[in-house]
Each structure stands twice: as structure tokens, then as C-alpha cells.
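Inside the fold
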Amino acid sequence: AEKIDAHIPALLAAFRISAEDLELIRKHAGLNTSSATLSVSVLAELYRYALLARALEINIADLLTMLELSSPDPFLASTDQPQRLEVLVAGLDALTGADFGVALIDQLLRHVSRTGSGEPDPEQVSDLAATLHDDQIWPWRLVPNPGCRSSAFKLCWRDLSGPKRWTSSLEL
């Protein structure tokens, strides 16, 4: 069987993504080893990331963050997959509607700091930290089950956005 590594230039051209984005996708999909083989199902698995990011008009790093914060996995094939994808999109809409970038949420909830285009604006982080401090909203008290990413995301979003935005946004 052919190795994925032997077809990287073709995959980059077909998916219209950068080598860095392909590496992020492969890592998330568990296909970042040199022994990973290429098949039609693997090709489809890799392509769905690029396709969904393009459809949502976000970069791959932001998509991967949203997938990490989504529970259960919206890519998992099941009868409720459309609803899980809908929840992912609603979460993204809520973040962008509140002017919180996905990179900022990534830094706040998962302590992941990104370089390049996904890097959060330091002023935005500072303003949000000041708001959290001034309003005495402490994230560690907001999360009843630290192992549940979805709960953490919902609770932080509710408390960060305020009651007016929370009630007017799509419920996550």
C-alpha cells in the first residue's frame, strides 16, 4: 500500500491547504506516522477537515479547536451526526458573534497558544482578563466536571458573554 508521505504534494494541491495544515489534520486524525497508508477512506477522512473548514470559512487550526471542544465528536458516523455538526456550527457562530476568536477561547480553555494567523490579539486577551477579574468570574469555579470539554465551553461562554448575549445566542 502507498504511504501518505509519498503523496503530500498531490494532497496539498487537491485540498488547497498548506503543508502545516495537512500536518495538523494528520495529527488530529492519528495519521501522522510515516507508516500511515493512503486509501480511499483515509483520503476522505483527511479531506473532510479541509472541506468543513472551507465551508465554515475558518482556518484548520480553528476547526481543530472547535472539534476538540465539541463532544461527542461531530465526525463520528452515527444517526445523530447532523445534529452534532449543527452544535459545532452553533458554537462557532456564538464565538464569532461575541467577537471572541477561536484562538482566544483555545488559549483560555485549553491553554494552547498558537503562532501565526491563529494567534489571539494580546489586547483582546488583556481586556478579557480584566473583565474576568473585575466581575470576579473565576473559570476554575465554572467547570463542575473538568473532564467534560463541552460543559466547560458552555459554562465559560455563558459567564463570559453575559446574560443578554447568552439568551440571544444559539444555545450550545
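One structure accompanies this document, and this report is about it. For every chain, the first residue of the written sequence is number 1, and numbering continues from 1 onward in sequence order. This being a predicted model, a pLDDT of at least 70 is required before a residue's local features are given, and a value of 80 or more before pairs of side-chain atoms are given or counted; all residues contribute to the totals for chains, interfaces and linings. Computation of side-chain values: all heavy atoms of the structure, hydrogens and water removed.

The next thing to look at is the packing of helix H1 (residues 8–15) against helix H2 (residues 19–29). As a packed pair, H1 and H2 sit with axes 10 Å apart at the nearest point and diverge in direction by 100°. Classified by the interaxial angle, the pair formed by H1 and H2 is roughly perpendicular. Facing Ile8, Leu11, Leu12 and Phe15 of H1, the residues of H2 in contact are Ala19, Leu22 and Arg26. Following the grouping adopted for this structure description, the nonpolar residues are Ala, Val, Leu, Ile, Met, Phe, Trp, Tyr, Cys and Pro, the charged ones are Asp, Glu, Lys and Arg, and the polar ones are all others, Gly among them. Among the residues forming the contact of H1 with H2, the class breakdown is 6 nonpolar, no polar and 1 charged. Each axis is a line fitted through C-alpha atoms, and for a helix only the stretch in contact is used; angles between axes span 0 to 180 degrees, taken between their N-to-C directions. What counts as a helix is a DSSP run of H or I of at least four residues, what counts as a strand is a run of E of at least two, and both are numbered from the N terminus. Convention used here: angles under 35 degrees read as roughly parallel, angles over 145 as roughly antiparallel, angles from 65 to 115 as roughly perpendicular, and any remaining angle as oblique. Pairs of residues are marked as contacts when any of their non-hydrogen atoms sit within 4.5 Å.

So, about the packing of aromatic side chains. Only the six-membered ring of Trp is used, alongside the rings of Phe and Tyr, when aromatic pairs are assigned; centres must lie within 6.5 Å, and planes under 30 degrees apart are stacked while those over 60 apart are edge-to-face, with the rest tilted. Applying the stated criterion across every chain, the model contains 2 aromatic pairs. With centroids separated by 5.3 Å and ring planes inclined at 40°, the aromatic side chains of Phe15 and Tyr47 adopt a geometry described as tilted. Linking Phe15 in helix H1 with Tyr47 in helix H3 (residues 40–56), this pair joins segments that are 32 residues apart in sequence. Pairing Tyr49 with Phe75 gives two aromatic rings, centres 5.0 Å apart and planes at 85°, and the pair type is edge-to-face. Note that Tyr49 is positioned in helix H3 and Phe75 in the loop between helix H4 (60–69) and helix H5 (81–97), a separation of 26 residues in sequence. Relative accessible area serves as the criterion here: at 3%, Tyr49 is assigned to the buried category. Each residue's exposure class comes from its accessible area (1.4 Å probe, protein chains only) as a fraction of the maximum for that residue type: buried when under 20%, exposed when over 50%, partly exposed otherwise.

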